[in-house]
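So the chains spell out like this:
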Amino acid sequence: MQLKIALDWIPNTIHAGFYIAKHKQWYNNSGIEVIFDSPETDNYAQTPVEKLLQGQVAFAIAPSEYVIQNHLRGNGELVAVATLFQESVTAWATLKKGRVIPNPVYAALKIPYEEVVIDHFRRFQPRFKHLKTIAPPKLQTWELLKAGTADWCWIYLPWEGLEAAHLNLPINSIKLTDAGIPYGHSPLLLTTHKLLKLHHTVFDSFLRFTAAGYFHAADYPKESALILEHYIAGNPQFIYKSLIDVSQAALQVDGSWGIMSKQRWTEYADWLLKQKAIPELPPLDRLYSNSLLVENSFLG
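Keep in mind the model is a prediction, meaning the values are calculated, not measured. The numbers attached to residues start from 1 for each chain and follow its sequence in the written order. Residue-level local features of this predicted model are given only where pLDDT is at least 70; pairs of side-chain atoms are given and counted only at 80 or more, and the full residue set underlies all totals for whole chains, interfaces and linings. The side-chain values count all of the structure's non-hydrogen atoms but skip hydrogen atoms and water molecules.

S.K.: Can you break down the sheet that holds strand 2 (residues 33–37) residue by residue, with the values?
M.R.: In this description, strands pair whenever DSSP reports at least two bridges between them. Counting from the N terminus, the helices are DSSP H or I runs at least four residues long and the strands are E runs at least two residues long. What the 5 strands build is an open sheet, ordered 2-1-3-10-4; its pairing is mixed. Strands with a single pairing partner mark the edges of an open sheet, and in this sheet they are strand 2 and strand 4 (78–83). Strand-to-strand twist of the sheet, defined as the mean angle between neighbouring strand axes without regard to direction, takes the value 30°. Judged from the 2 bridges that link them, strand 1 (residues 2–6) and strand 3 (residues 59–62) form a sheet pairing that is parallel. Bridge assignment links Ala6 to a residue of strand 3, and that residue is Ala60. Should any heavy atoms of two residues lie within 4.5 Å, those residues are counted as being in contact. Helix axes are fitted to C-alpha atoms over the stretch in contact, other axes to C-alpha atoms as well, and angles between N-to-C directions run from 0 to 180 degrees. Those strands touched by helix 1 (residues 16–23) are strand 1, strand 2, strand 3 and strand 10 (188–192), and its axis lies near 140° from that of strand 2. Along the sheet, helix 4 (residues 64–72) makes contact with strand 3, strand 4 and strand 10, crossing strand 4 at roughly 160°.

Following this line, the structure appears as C-alpha cells:
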C-alpha cells in the first residue's frame, strides 16, 4: 500500500525516524511504499493539512492548532496519531544586535491562533509592545531573520536554533512555555478518523517502523546521521548534532515514542479559551488517538 506524507517543512532531522525507516527498507518489507511530499515543491501553495483533507495524502505533519481548529469549525475529521516530540522545542528567536529594537518585525507562519500568541508576547515583555507583523512565504521566515529583514520568527530549536550556532549567528530565543504559554504537542503526525478506521492495520505497521526509526536514531546516531545525509541538505557535522538533540526530545523517559498526553492537549485548549481565541473547548478525546502506540509494543 502506498502512503504519502505531507511534510511540514523542508526535510530535516525532525523527520529522522521516517527517513531512517524508509532507507532501511522497513516499510517496504511490510508492503508499505512511503512517499514524502515536501512543501518546497509548491512553496506551500497548500498546507499539509489541506492536502490531507483533500485526500491527496494519508498523513500530514502539523502542529496541534490545526486539529483544534478543524474540530471547532465543524469538520472534526483530523486526528493526531503521534507526536514527534515529547519536550517543548519550539521558540521565538531573534538575532542578538546589542541594542533595543524600537519597532521589531515578526515574520509570521500564518498558522491557526498565531495572532493570539503574538498578542501574548506583546504583553509578555516591553520589547514586544510595538511588534509589527509581516506575512512572507512560509518557508522564508527563518531566512528573513538571518538576512536581518525580520527581527523575530518562530523556530524549532533542534533545527534552526542549532543552525544558528553552526553558522555562528548569535540568537536570543524564548520557548513558548517559558513565556507562559502551555503550548501543545508539535509537530504531530495527523490523519483522518476515516482513514484511521479504514487502514488501522497498515497504519499500525507504519507507526511501528517509524518509531523504530527514531529509536535507531537515538541508539546509533552516527550511522543515522550518515543515512540522513542522503535526504537532508546540510553539513554532516550539523546533521549529527541536530540528530542528537532531536533524539533527546523525541523519546519519553521510558524510551517510548509518539505518545500524546491528554493533559497537554487540555492545558493548551484551556489557554486558547482563556485568551478568547476559541469560543469553546473542542472534544478533546476526538483530537488525538494513541491507539497505534498502545503499551510499548515497539520497544526492543
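Having seen the structure, we can now continue with the description.
S.K.: Which residues make up the packing of aromatic side chains, and what values go with them?
M.R.: Two measures describe an aromatic ring pair: the distance that separates the ring centres and the angle between the ring planes. Any Phe, Tyr or Trp ring, taking Trp's six-membered ring, that has another such ring centre within 6.5 Å forms a pair; planes under 30 degrees apart are called stacked, those over 60 apart edge-to-face, and the others tilted. Evaluated as defined, the whole model comprises 22 aromatic pairs. Taking 5.6 Å as the distance between ring centres and 55° as the angle between the ring planes, the aromatic pair formed by Trp154 and Tyr183 counts as tilted. Of the two residues, Trp154 sits in strand 8 (residues 152–156) while Tyr183 sits in the loop between strand 9 (171–175) and strand 10, which places them 29 residues apart along the sequence. In this structure, Trp154 and Tyr183 share a single accessibility class: buried. Centroid distance Tyr268 to Trp271: 6.3 Å. Interplanar angle 10°. Geometry classified as stacked. Of this pair, Tyr268 and Trp271 both sit in helix 12 (residues 262–274), 3 residues apart, which is roughly one turn of the helix. The exposure classification of Tyr268 matches that of Trp271, with both residues buried. One cation-aromatic arrangement involves Lys138 over Tyr44; the distance from NZ or CZ to the ring centre is 5.1 Å. Only protein chains enter the area calculation, which uses a 1.4 Å probe; residues under 20% of their type maximum are buried, those over 50% are exposed, and those in between are partly exposed. Sitting over a ring, as applied to charges here, requires NZ of Lys or CZ of Arg to be within 6 Å of the ring centre and within 35 degrees of the ring normal.

S.K.: Quick one: what's the story with the pattern of salt bridges, residue by residue and with numbers?
M.R.: Think of a salt bridge as a Lys or Arg side-chain nitrogen and an Asp or Glu carboxyl oxygen that are within 4 Å of each other. All chains considered together, the criterion is met by 10 salt bridges. As a salt-bridge pair, Glu223 and Lys24 come within 2.8 Å of each other at their nearest N and O atoms. With Glu223 in helix 10 (residues 221–228) and Lys24 in the loop between helix 1 and helix 2 (26–29), the pair connects residues that are 199 residues apart, well separated along the chain. With relative accessibility at 27%, the residue Lys24 sits in the partly exposed group. In this structure, the salt-bridge partner of Glu163 is Lys146, at a minimum N-O distance of 2.9 Å. With Glu163 in helix 7 (residues 157–166) and Lys146 in helix 6 (residues 141–147), this residue pair connects regions lying 17 residues apart in the sequence. The structure contains a network of salt bridges with shared partners spanning Asp37, Asp42 and Lys51.

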